[in-house]
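The residues making up each chain are set out below.
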Amino acid sequence: MRPSTQLPPPTCSSRLPQLRSFVGLRWSAPRFQVRERPGVAVGVLNGTPGCSFRLGVPALTVCLPHQRATVIRNEHAQNADFPKKYAKREKKPFPIPVLELRRRAKERMKAAQGIPKRPLPPPKNGMLVRKLIPVAYEVYNARILLINNLRKLMKVVPVKGCKYCSEIHVGSVGHPFRTCRGMLSDQRRGGHDWGSTSVEAVFLPIEAYHLEDRLGKRIPHDLRFAVPRIPALVELCIQAGVDIPEYPTKRRRKPIIKIGRNEFVDANEDDLPEPEPDRFKRTLLEELHSDEVIAPSTPEETVALAGETLEAWETVRDGALKLMKGYAVRVCGYCPEVHIGPTGHKARNCGAFKHQQRNGQHGWQAAVLDDLIPPRYVWHMPESGEELQRELKTFYGQAPAVVEICIQGGAKVPEKYKATMRLDIGIPSSLREAEMVI
């Protein structure tokens, strides 16, 4: 008898791909691509990494399953990553890359060659954008309504804040995650010391300098204490057309006259008649004092108040985004300083990373909506009402603090926030069950 010889294992290039490949807990078939040729269909099978198998068969014998496939599209992802938290040493990215801005500028200059210059549109010419005046009043009143309703809801829905850092949690007991970076955090091993908090920790009061003339000279460093500072969202509404007697601002009735690249003069308005009453003007709401805040007495009132608060939050966010498209808003790329205007101020009060090299000057860039209205993401409590466990941190979702308060107050979960809340992820009942998850 001839001795049996054991053949060597086939190499990757000669071995056929496996019929099935196992990924996690789900079986997935190898990908099959069909490329049509006259009379012949060429298929490429991708199985094991680095291995492929090419075959050619008559085109009539190839089944094309993609013709019967149904594609389901959704504007919001099923599960999305949490917003990135930038380190103190990290600069904020530009909303539009610098190279893209340069390319667009070159295209505008090339398209403007040989064409007479057009007059400046509002608000660059000093005039108001008429269609944004109602939006400004709506945003201003919605902001006041949001603050008043949050003060009422926080008497029913408990909100905790750390005594040593800025982290907050919506619930009767603070979360157990060791993420504190405040004073003496090493002695507590990163644990938080929870206590009561205020509405300013939920809806952050980002402040900015109030400009009496939006097109005037930039605020110098010597006058940084002489110019009043007000909430940035209020300043944006004032520049967009809201009239507040405590904060006067210059309103022009004629466009400015440019006499240089950065110089202009105001047009003569003596020949104009007396201004008529503004038809866009509305009644402005006022914030409630602490002794005027009354908590809802019944569950039905709590649910209605939570729905109204969530609607006011969406109105503020959507309206502010519309105003930012018409009126320039700047933010420092190193610190949270915000300036409402075409150019940032000259106050050298930036204390971020390596501010000594910049002599305290801000690195101004275009702002996004989260710079003007920070959402303050917090951990989402499960519907079962169980307390959060430190070992199951990867299974929990997050939501803006205002949204989480409204949801715990009985409001319906908005569709846009379901991606980060991870509502479709099952939470293990024990640590042993969590270790079994691949």
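Before any of the text, the structure's been laid out above.
Residues numbered from 1 in each chain as written. Predicted model: local features only at pLDDT ≥ 70, side-chain atom pairs only at ≥ 80, totals over all residues. Heavy atoms only, no water.

Draft legend 1. Representation of the overall build of the chain within the structure. Along the chain, the regular secondary structure elements total nine helices and 17 strands. Out of the 438 residues belonging to the chain, those deemed buried represent 36%. Restricting the contact set of the chain to residue pairs at least 6 apart, pairs at least 24 apart contribute 66%. Entry remark: accessible area of the chain is about 28,900 Å², with carbon and sulfur atoms responsible for 54%. (Helix = DSSP H or I, 4+ residues; strand = E, 2+ residues; numbered from the N terminus. Buried < 20%, exposed > 50% of the residue type's maximum accessible area, 1.4 Å probe, protein only. Contact = heavy atoms within 4.5 Å. Areas by Shrake-Rupley, 256 points an atom, 1.4 Å probe, with all protein chains shown as cover.)

Draft legend 2. Highlighting the sheet that holds strand E7 (residues 168-170). On the basis of which strands lie adjacent, the open sheet formed by three strands has the order E7-E6-E8 and antiparallel pairing. Edge strands, defined here as strands with exactly one partner in the open sheet, are E7 and strand E8 (194-196). In this sheet, neighbouring strand axes are inclined to one another by 35° on average, regardless of whether the strands run parallel or antiparallel. Against the sheet, helix H7 (residues 401-408) touches strand E6 (159-162) and E7, its axis set at about 20° to E7. (Pairing = 2+ DSSP bridges. Axes fitted to C-alpha atoms, helices over the stretch in contact; angles between N-to-C directions.)

Draft legend 3. Molecular detail of the environment of Thr197. With respect to the secondary-structure elements, Thr197 resides in the loop between E8 and helix H3 (199-202). Assessed through its relative accessible area of 26%, Thr197 is described here as partly exposed. Considering only alpha carbons, one finds Thr197 and Ile168, 29 residues apart in sequence, at a separation of 8.1 Å. Look past the residues within four positions of Thr197 in its chain and what remains in contact with it is Met154, Val159, Lys160, Gly161 and Ile168.

Draft legend 4. Structural detail: the environment of Asp81. Along the polypeptide, Asp81 turns up in the loop between strand E5 (52-58) and helix H1 (98-111). Once the C-alpha coordinates of Asp81 and Arg422 are considered, the two residues, 341 residues apart in sequence, prove to be 9.7 Å apart.

Draft legend 5. Quick peek at the sheet that holds strand E14 (residues 338-340). With respect to topology, three strands assemble into an open sheet ordered E14-E13-E15, the strand pairing being antiparallel. The outermost strands of the open sheet, each flanked by one partner alone, are E14 and strand E15 (364-366). Strand-to-strand twist of the sheet, defined as the mean angle between neighbouring strand axes without regard to direction, takes the value 35°. Judged from the three bridges that link them, strand E13 (residues 329-332) and E15 form a sheet pairing that is antiparallel. Following the sheet pairing, Val331 is matched in E15 by Gln365. This element, helix H4 (residues 232-239), spans E13 and E14 of the sheet and lies at about 15° to E14.

The quantities given are spatial measurements derived from coordinates; they are silent on function.
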